[in-house]
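# Observations on the model geometry
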Amino acid sequence: MKSLFPVKVKEVEVQRRGKRLLGPVDLTLESNGLTIVIGPNGAGKTTLLRMLHGLERVRRGSLHWACDEETARREQAFVFQTPVLLRRTVLQNIAYPLTIRGVPRAEALAHARDWATRVGLGEVAGVQAPRISGGEKQKLALARALIVSPAVLFLDEPCSSLDGAATKDIEAVLRDARSAGTRIIMSTHDLGQAQRLADEVIFMVKGRIREHREAKQFFSAPETAEARAFLRGDIVE
Ligand SMILES: Nc1ncnc2c1ncn2[C@@H]1O[C@H](COP(=O)(O)OP(=O)(O)OP(=O)(O)O)[C@@H](O)[C@H]1O
């Protein structure tokens with residue numbers, strides 16, 4: 001399969017009801033590393049991820065993956081901050097992306113069972129998905145995204161309402177996915193999580209990318225005054 005990377009974003013703007021939510025943004029993402037998007041509330045982190053995933057209408061500028069559009073679309077998965085679950089069992093939810101791709105039911109469920117165990121949902125595999133806890137729902141969403149081995153995985157604050165144990169489990173699954181070759185791009189409010197996971201950081205303020213750098217450099221010597229203030233814990237507007 002042809003690589004999706006580099007993906008090139010040139011002067012992209014996203015607007016809603018005449019208000020600019022994002023941009024203009026220039027960004028090139030290479031094929032390696034885990035990218036963490038950080039910045040104050042309302043900085044445009046979610047909109048950036050949605051734009052890259054093709055969920056936002058790009059009003060100005062261009063977005064190009066290195067492959068054809070159909071491959072790019074097929075090879076991406078997105079884990080939303082509040083996962084949408086089917087009113088079925090945990091196992092059936094995890095198997096769903098395979099069943100809609102025509103994988104035989106027994107095979108899809110066997111694969112889903114494997115994923116349920118990997119993300120720590122083995123015990124609740126037969127429970128109706130709406131009844132599981134918030135942390136378990138995020139694990140389900142992650143397993144359901146990873147079961148198709150996407151080339152790219154977007155996650156929008158996947159641990160925002162989770163306790164330490166669930167966060168630790170999810171970070172372990174993400175590290176494994178990265179080692180297995182999935183290119184991860186995720187937003188977080190949690191600076192500790194950003195430091196634990198990031199290979200590179202995108203720092204946003206007011207719909208613009210202010211820094212895009214290797215994580216160690218960003219955290220040890222941020223270039224902009226806004227990033228320095230943000231890392232100190234000051235309010236950045
Ligand atoms: N559906 C919408 N209609 C109008 N404005 C919106 C909509 N969704 C988001 N916005 C605005 O767009 C801007 C960027 O929002 P976005 O959710 O991308 O930021 P964020 O950095 O992810 O924020 P947070 O950290 O609070 O999740 C914000 O000013 C937000 O109020």
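Computed from a predicted model, the values in this text were never measured in an experiment. (Residues numbered from 1 in each chain as written. Predicted model: local features only at pLDDT ≥ 70, side-chain atom pairs only at ≥ 80, totals over all residues. Heavy atoms only, no water.)

To continue, consider the side chain of Arg-144. Relative to the elements of secondary structure, Arg-144 occurs in helix 5 (residues 134-146). For Arg-144, the side chain forms a polar contact with the main-chain oxygen of Val-84, separated by 2.7 Å. With sequence-adjacent residues up to four places away left out, Arg-144 is seen in contact with Val-84, Leu-85, Leu-86, Asn-93, Ile-94 and Pro-97. (Helix = DSSP H or I, 4+ residues; strand = E, 2+ residues; numbered from the N terminus. Polar contact = N/O pair within 3.5 Å; in protein donor to acceptor, adjacent residues only side chain to side chain. Contact = heavy atoms within 4.5 Å.)

Counting across every chain of the model gives 17 salt bridges. Of the charged contacts, one joins Glu-13 and Arg-60 as a salt bridge, the two residues approaching to 3.1 Å between their closest N and O atoms. Of the two residues, Glu-13 is situated in strand 1 (residues 7-16) and Arg-60 in strand 4 (residues 60-64); the sequence distance between them amounts to 47 residues. The class for Arg-60 is partly exposed, based on a relative accessible area of 47%. Here Lys-139 and Asp-169 are joined by a salt bridge, their closest N and O atoms 2.8 Å apart. Here the residue Lys-139 occupies a position in helix 5, and Asp-169 occupies one in helix 6 (residues 164-179), the gap between them amounting to 30 residues. Relative accessible area serves as the criterion here: at 36%, Asp-169 is assigned to the partly exposed category. (Salt bridge = Lys/Arg side-chain N within 4 Å of Asp/Glu carboxyl O. Buried < 20%, exposed > 50% of the residue type's maximum accessible area, 1.4 Å probe, protein only.)

Next up on the list: the nonpolar core. Counting residues in each nonpolar core, the largest one holds 52 residues, and the members touching the most others are Ile-94, Leu-142, Leu-153 and Leu-174. Considering every element that reaches this core, the biggest residue donor is helix 5, with six residues. Setting aside residues up to four positions removed in sequence, Leu-142 forms contacts with Val-79, Leu-153, Leu-155, Ile-170, Val-173 and Leu-174. Core analysis: the second largest hydrophobic core is formed by 26 residues, Leu-48, Phe-78, Val-152 and Ile-202 among them. (Core = buried A, V, L, I, M, F, W, Y, C linked by side-chain atoms within 4.5 Å.)

Here we come to the UniProt feature "domain: ABC transporter" (unreviewed entry) in the chain. Per the UniProt record, the feature "domain: ABC transporter" (unreviewed entry) sits at residues 7-231. Note that residues 7-231 is 39% helix and 25% strand, and that its end C-alpha atoms are spaced 28 Å apart. (UniProt positions renumbered as here; feature names shortened; annotations may be inferred.)

Attention now goes to the environment of Cys-67. Checked against the element boundaries, Cys-67 lands in the loop between strand 4 and helix 2 (69-74). Assessed through its relative accessible area of 12%, Cys-67 is described here as buried. C-alpha of Cys-67 to C-alpha of Glu-211: the two residues are 144 residues apart in sequence and 26 Å apart in space.

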